[in-house]
Amino acid sequence: MRIVYDDTMHGELVAAVEKFMASFDVKRIVQYEYGMDRVQMHILREKLNLYLEHCRMSIGNKVTHAHGIGNNCQYPVYYYPEGSDEIQECGSININSGMYGEGFVSYEDYNGNRIGALYEVRTRGVVKK
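Fair warning: this is a prediction, and the values are worked out from it, not measured in the lab. (Residues numbered from 1 in each chain as written. Predicted model: local features only at pLDDT ≥ 70, side-chain atom pairs only at ≥ 80, totals over all residues. Heavy atoms only, no water.)

Chemist: For the packing of aromatic side chains, give the residues involved together with the corresponding values.
Modeler: Under the defined criterion, the tally for this structure stands at three aromatic pairs. Ring centres of Y5 and Y110 lie 4.5 Å apart, and the angle between their planes is 45 degrees; on these two criteria the pair is classed as tilted. Taken as a pair, Y5 in strand β1 (residues 2–5) and Y110 in the loop between β8 (103–108) and β9 (114–122) lie far apart in primary sequence, 105 residues in all. Among the residues examined, Y5 registers a relative accessible area of 32% and is labelled partly exposed. By relative accessible area, Y110 is classed as exposed at 60%. Through a chain of ring-to-ring contacts, the aromatic side chains of F20, F24 and Y51 assemble into a single cluster. (Phe/Tyr/Trp six-rings, centres within 6.5 Å; stacked < 30°, edge-to-face > 60°. Helix = DSSP H or I, 4+ residues; strand = E, 2+ residues; numbered from the N terminus. Buried < 20%, exposed > 50% of the residue type's maximum accessible area, 1.4 Å probe, protein only.)

Chemist: Quick one: what's the story with empty space enclosed by the protein, residue by residue and with numbers?
Modeler: In this structure the tally under the stated criterion is one cavity of 30 Å³ or more. If you add up the space inside the largest cavity, you get close to 50 Å³. What lines the largest cavity is V14, V17, I93, V105, S106, Y107, I115, G116, A117 and Y119. Of all the secondary structure elements, the ones that give two or more residues to the lining of the largest cavity are α1 (10–23), β8 and β9. At four residues, β9 tops the list of elements feeding residues into the lining of the largest cavity. Class assignment for the residues of the lining of the largest cavity results in eight nonpolar, two polar and no charged. (1 Å grid on protein atoms, 1.4 Å probe; cavity = no way out; pocket = protein on both sides within 12 Å on 5 of 7 lines; lining within 4 Å. Points joined across faces, edges and corners; volume = space filled by probe spheres on them. Nonpolar A, V, L, I, M, F, W, Y, C, P; charged D, E, K, R; others polar.)

Chemist: So what's going on with α1? Residues and values would help.
Modeler: Over its 14 residues, α1 extends 20 Å from the first C-alpha to the last, a length consistent with the 20 Å expected when each residue adds 1.5 Å. What α1 keeps buried is the set H10, L13, A16, V17, F20 and M21. Around the axis of α1, the buried residues are gathered within 135 degrees of arc, so they sit on the same side. Exposed and oriented more than 90 degrees from the buried face of α1 are G11, E12, K19, A22 and S23. (Expected span 1.5 Å × (residues − 1). Arc of directions from axis to C-beta.)

Here it is, written out as structure tokens:
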């Protein structure tokens, strides 16, 4: 099976992430750590990946850390077309942890341009920017 880059599913991915984030209960992924409540972004990634499976998409396991910083995580997003022998890489998703217990989710195309909204995930809820 070959992997090709195809950005035709950007709109579908942006809509799916927006729908997921609008209905997501952040309190389910908040844990006390290092003296404060923190959003656990690795759990958010797992839950988002399960949600994207219904759209025939998945978040890849290969992670790239911007500037070598471990809390800046960028993952490829794959689309699995029905009846095809190829996997389409339709961009990448950034799932980053902040210094004060918050997290950030955004989506980029192949050229590094942000597409869609930036979501700030705080212990009390999600803010769309």
